[in-house]
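# What the coordinates show
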Amino acid sequence: MRYTNYRFDMPEEKIVRVIVDTDAQNEADDQFAVVQALLSPKFENVGFVAAHFGTGRCEDSMERSYQELCTIFDKMQMDKSIIFRGAPHGLLDKAHPVVSEGAELIVREAMKEDDRHLYVAFLGPLTDLASAYLMEPRIAGRLTAIWIGGGRYPNGGPEFNLGNDILAANVVFASGIELWQVPKDVYEMIPVSFAELEYRVAPCGDIGAYLFEQLDRHAHEPGPRKSAFRTGESWVLGDSPAIGLILYEHRFCFDWVQAPLITSDMTYVQTGLNRPIRVYKSIDSRLILEDLFAKLALFAKKSGR
């Protein structure tokens, strides 16, 4: 599925296939990334996979993410046939996949003969990518994975997405999969104020109003996890860089780092065994946010929604 209701044309050779794997009901920023992906004409969106976000708050986190994706698609009147369920929980060991619709989709698209490159953006844990790789190791040379997750380099440390499946991260880091990692100190480089969201997002039809209202509601929910993000007038749209890097890969904003082994306390340990991965050290938050705001406004204007 590709949204093309723009006056500018997208060169055919620049169109890429995209899968977005999202723990959409975990917080309130995934929703912005999902909408931006849906409205980007460079993207042939072949699937949105509902990811789990652990079992600490609920036992059905993946299903809640699935229902949140359905809500977003309904608000935009988009075709829900490209929404898939991912793993309901993390890997139980490093040898056995958690088979799901989402993992099967990744394998299917990676192994397809298609000249358009495949990007898979992970806004939560890496369970579905690790499972897909364990199911079919040949996918390693046939896709680019972009992951929002992991602590700051060089030492690492606690980070929510990583903490929900450390085993999966180690499977992916030890594989040959092309990986672009956006660690915690970088994905927090995209703050936005509530005043700007009220002014530039809320007026943009049903989906704009929903994006703003669900974030405002989430920001007032109790819980220790939110203390770092709750400043009163701002939030961090930390998942949006995964979409932004497909739009513009920020060619001079990353280092090549040998993929580490990750310990149980989420510390990075260099073993010298894994291949190098891209680790981003900055992002252009202006480009990513302005693109989102423009696409929302144009979508609302042209669709009457």
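Let me sum up the structure you'll find in this document. (Residues numbered from 1 in each chain as written. Predicted model: local features only at pLDDT ≥ 70, side-chain atom pairs only at ≥ 80, totals over all residues. Heavy atoms only, no water.)

## Section: the packing of aromatic side chains
We apply this condition: Geometry of aromatic contacts follows a simple scheme: Phe, Tyr and Trp rings, the Trp one being its six-membered ring, pair when their centres are within 6.5 Å, and the pair is stacked under 30 degrees between planes, edge-to-face over 60, tilted otherwise. Only runs of H or I of at least four residues qualify as helices and only runs of E of at least two qualify as strands under DSSP, and these elements are numbered from the N terminus. Relative accessible area decides the class of each residue, using a 1.4 Å probe on protein chains only: under 20% of the type maximum gives buried, over 50% gives exposed, and in between gives partly exposed. The criterion for a charge sitting over a ring is simple: Lys NZ or Arg CZ within 6 Å of the ring centre, and within 35 degrees of the ring normal.
One pass over the structure, following the stated rule, counts ten aromatic pairs. Their ring planes at 80 degrees and their centres at 6.1 Å tell us that Trp 147 and Phe 173 sit as a pair that is edge-to-face. Separated by 26 residues along the polypeptide, Trp 147 in strand 5 (residues 144-148) and Phe 173 in helix 6 (residues 166-173) bring together distant segments of the chain. The exposure class of Trp 147 is buried, given its relative accessible area of 1%. Among the aromatic side chains, those forming a connected cluster through ring pairs are Tyr 119, Trp 180, Phe 254, Trp 256 and Tyr 280. Across from the ring centre of Tyr 66, 3.7 Å away, lies the NZ or CZ of Arg 85, which sits over that ring.

## Some points on the environment of Arg 217
Topologically, Arg 217 is positioned in helix 9 (residues 205-219). Taking C-alpha positions, Arg 217 is 28 Å from Gly 90, a pair spaced 127 residues apart along the chain.

## Here's the deal with the packing of helix 2 (residues 61-76) against helix 9
The test is simple: An axis is simply a line fitted to the C-alpha atoms; with a helix, the fit covers only the stretch in contact. Between two such axes, the angle follows the N-to-C directions and lies from 0 to 180 degrees. Every residue pair with non-hydrogen atoms within 4.5 Å of one another is taken to be in contact. Residues are sorted three ways: Asp, Glu, Lys and Arg are charged, Ala, Val, Leu, Ile, Met, Phe, Trp, Tyr, Cys and Pro are nonpolar, and all the rest, Gly among them, are polar.
For the pair helix 2 and helix 9, interaxial distance at closest approach is 7 Å and the crossing angle is 145 degrees. Across from Glu 68, Thr 71, Ile 72, Lys 75 and Met 76 in helix 2, the residues of helix 9 making contact are Asp 206, Ile 207 and Tyr 210. Per-class residue counts for the contact of helix 2 with helix 9 are four nonpolar, one polar and three charged.

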